[in-house]
Amino acid sequence: MITGGCLCGALRYRAGGEPLLQGLCHCRNCQRMSGAGHVGFVCFAEDAVTVEGETRSYASTGGSGATATRYSCPTCHSVVFGRAEVMPGRINLYAGSLDDTSQFKPQVAIFTRSRPPWDDSSRGLVCFDTVPSSQ
Ligand SMILES: [Zn+2]
Ligand SMILES: [Zn+2]
């Protein structure tokens, strides 16, 4: 079981079972959203995740040309999870929002073509210029 939520605690989630994929996304949108060189994501099937609390959403066009929607807490503005049009039925929990961040075990790094030189977090991971499977 993975639990987590926003900074103020009003937006919470829990997810059961094993994540489908864990990794770092270095795309420019994740950088602008987070203020960091990447966002860590833990991908689950939507059915496995229960969200409690209000969300605001913001949709933007991702590096692949498809829409990505990010969900934040209306009170504290933490961005907690996201969905991508290219990954239907999946939800990406952002690793920084986990209650126990040691549960995050990244395997891959995506959009490393946008990785800034000062962010070496993806060292040792399987890296993809954009996304796996020639998107
Ligand atoms: Zn909050
Ligand atoms: Zn990204």
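Residues numbered from 1 in each chain as written. Chains lettered and ligands numbered in written order. Predicted model: local features only at pLDDT ≥ 70, side-chain atom pairs only at ≥ 80, totals over all residues. Heavy atoms only, no water.

Caption draft 1: Structural detail: the coordination of the zinc ion (ligand 1). With distances of 2.3 Å, the protein atoms coordinating the zinc ion (ligand 1) are C6 (SG), C8 (SG), C73 (SG) and C76 (SG). Geometry at the zinc ion (ligand 1) is tetrahedral, judged from the 4 donor atoms that bind it and their angles of 108 to 115° at the metal. In the primary structure, the donors to the zinc ion (ligand 1) are separated according to the pattern C-x1-C-x64-C-x2-C. Of the two residues, C6 is situated in the loop between β1 (2–5) and β2 (12–15) and C73 in the loop between β7 (67–72) and β8 (79–84); the sequence distance between them amounts to 67 residues. Judged by relative accessible area, which is 10%, C6 ranks as buried. Residue classification places C73 among the buried positions, given a relative accessible area of 1%. (Donors = N, O, S within 2.8 Å, 3.2 Å for Na, K, Ca; no water. Tetrahedral: all angles 85-135°; square planar, octahedral: opposite > 155°, others 65-115°. Helix = DSSP H or I, 4+ residues; strand = E, 2+ residues; numbered from the N terminus. Buried < 20%, exposed > 50% of the residue type's maximum accessible area, 1.4 Å probe, protein only.)

Caption draft 2: View of the coordination of the zinc ion (ligand 2). C25 (SG), C27 (SG) and C30 (SG) make up the full set of protein donors to the zinc ion (ligand 2), lying at 2.1 to 2.3 Å. For C30, a relative accessible area of 5% gives the class buried.

Caption draft 3: Just the packing of aromatic side chains, in detail. Within this structure, the stated rule accounts for 1 aromatic pair. With a centroid separation of 4.8 Å and 15° between ring planes, the pair formed by Y71 and F81 is classed as stacked. Placement of the pair is Y71 in strand β7 and F81 in strand β8, with a sequence separation of 10 residues. Residue classification places Y71 among the buried residues on the basis of a relative accessible area of 15%. F81 sits in the buried class, given a relative accessible area of 3%. (Phe/Tyr/Trp six-rings, centres within 6.5 Å; stacked < 30°, edge-to-face > 60°.)

Shape is all these values report; function is a separate question.
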